[in-house]
Amino acid sequence: MRAFPAELKPDMVTCIVDSREQCPLDLSPLMSIRGTLNTGDYSVLGLESVVSVERKSLVDLLGCVGGDRTRFEKEIIRMLAYPCRALVVEATWTELEAGKWNSKITPAQALGSVLGWICNGVPVIMAGDHERAGRYVSRLLFTAARRRYRECRELVAAHRVSPQT
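Rules of the game
- Residues numbered from 1 in each chain as written.
- Predicted model: local features only at pLDDT ≥ 70, side-chain atom pairs only at ≥ 80, totals over all residues.
- Heavy atoms only, no water.
- Helix = DSSP H or I, 4+ residues; strand = E, 2+ residues; numbered from the N terminus.
- Buried < 20%, exposed > 50% of the residue type's maximum accessible area, 1.4 Å probe, protein only.
- Contact = heavy atoms within 4.5 Å.
- Areas by Shrake-Rupley, 256 points an atom, 1.4 Å probe, with all protein chains shown as cover.
- Lys, Arg positive; Asp, Glu negative; His and termini not counted.
- Charge placed at Lys NZ, Arg CZ, Asp CG, Glu CD.
- Core = buried A, V, L, I, M, F, W, Y, C linked by side-chain atoms within 4.5 Å.
- Patch = residues over 30% accessible without salt bridge, like charges linked within 9 Å, V, L, I, M, F, W, Y side chains within 5 Å.
- Salt bridge = Lys/Arg side-chain N within 4 Å of Asp/Glu carboxyl O.
- Pairing = 2+ DSSP bridges.
- Phe/Tyr/Trp six-rings, centres within 6.5 Å; stacked < 30°, edge-to-face > 60°.
- Arc of directions from axis to C-beta.

A. How the structure looks around the overall build of the protein chain. Of regular secondary structure, the protein chain possesses 5 helices and 6 strands. Sequence-ordered secondary structure for the protein chain, helices as α and strands as β, is β-β-β-β-α-α-β-α-α-β-α. The dimensions of the protein chain, computed from C-alpha atoms along their principal axes, are 65 × 30 × 25 Å. Expressed as a percentage of its 165 residues, the buried residues of the protein chain come to 41%. The long-range fraction of contacts in the protein chain, counting pairs at least 24 apart against all pairs at least 6 apart in sequence, stands at 66%. Here the protein chain displays about 9,600 Å² of accessible surface, and carbon together with sulfur accounts for 55% of that area. Each charge class in the protein chain can be summarised by its mean position, and for the 22 positive and 19 negative side chains these summaries are 4 Å apart.

B. Fine view of the nonpolar core. Of all hydrophobic cores here, the largest spans 23 residues; its most connected members are V13, L27, Y42, V51, V53, V137 and L141. The element that contributes the greatest number of residues to this core is helix 5 (residues 130–161), accounting for 7 residues. Listed in part, the 21 residues of the second largest apolar core include L62, C64, I105 and L111.

C. Broad picture of a nonpolar patch on the surface. A cluster of nonpolar side chains, W93, L115 and I118, forms an exposed patch at the surface whose accessible area comes to about 250 Å². Within the secondary structure layout, W93 lies in helix 3 (residues 93–98). Look at W93 and you get partly exposed, because its relative accessible area is 32%.

D. A look at the side chain of T39. Here T39 lies in the loop between strand 2 (31–35) and strand 3 (42–44). T39 sits in the buried class, given a relative accessible area of 4%. Apart from the residues within four sequence positions on either side, T39 is in contact with S52, E75, R78, M79 and Y82.

E. Summary view of the pairing of strand 4 (residues 51–57). Across the 7 residues that make up strand 4, a large majority, 7, are buried. Both faces of strand 4 are covered, namely the face carrying V51, V53, R55 and S57 and the face carrying S52, E54 and K56. Two strands pair when backbone bridges link them, and strand 4 and strand 5 (residues 84–90) are joined in this way by 7 bridges, in the parallel orientation. Its bridge partner being in strand 5, S52 is matched across the sheet by R85.

F. Examining the packing of aromatic side chains more closely. Taken as a whole, this structure holds 1 aromatic pair when the rule is applied. For the pair F72 and W117, a centre-to-centre distance of 4.9 Å together with 70 degrees between the ring planes defines the contact as edge-to-face. Here the residue F72 occupies a position in helix 2 (residues 69–79), and W117 occupies one in helix 4 (residues 107–119), the gap between them amounting to 45 residues. For F72, a relative accessible area of 0% translates into the label buried.

G. Local environment of helix 1 (residues 58–65). Listed as buried for helix 1 are L58, L61, L62, C64 and V65. Taken around the axis of helix 1, the buried residues stretch over an arc of 160 degrees, which confines them to a single face.

This is the structure we're talking about:
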């Protein structure tokens with residue numbers, strides 16, 4: 001029987017980038033593949049029912065507050081089933097408050113929606129820009145994978161030392 005390595009390393013984790021993702025993030029140093037996810041834009045291979053990360057540009061976010069609201073609210077509800085979930089936005093709180101965009105959505109509406117999603121149980125990470133969003137999502141996916149890996153190691157170790165019944 002092969003032993004589990006003591007720690008999970010980034011090169012041992014493969015992320016799934018949803019095939020519908022229009023502007024994929026750089027998840028280095030993690031490996032990534034394209035695939036179809038039921039919910040979200042990013043997950044970890046083997047943990048597709050555990051980890052879901054949704055990425056939004058500011059323009060996408062405003063669409064989710066406005067015309068795409070009904071569809072996105074369903075996405076939020078599906079995300080609640082995932083133990084590790086997050087919405088990563090390529091903007092800052094300051095940008096959201098400033099409202100310098102070409103949309104009928106007001107800053108108060110945008111802020112209210114984002115805060116409502118947080119109250120419903122979906123963490124929102126305001127990453128600022130696309131590059132930073134990639135770093136944050138990569139770190140989030142690796143952290144979730146490492147946590148599950150450690151849990152599995154503990155289960156295997158407990159099984160090896162417990163008496164057979």
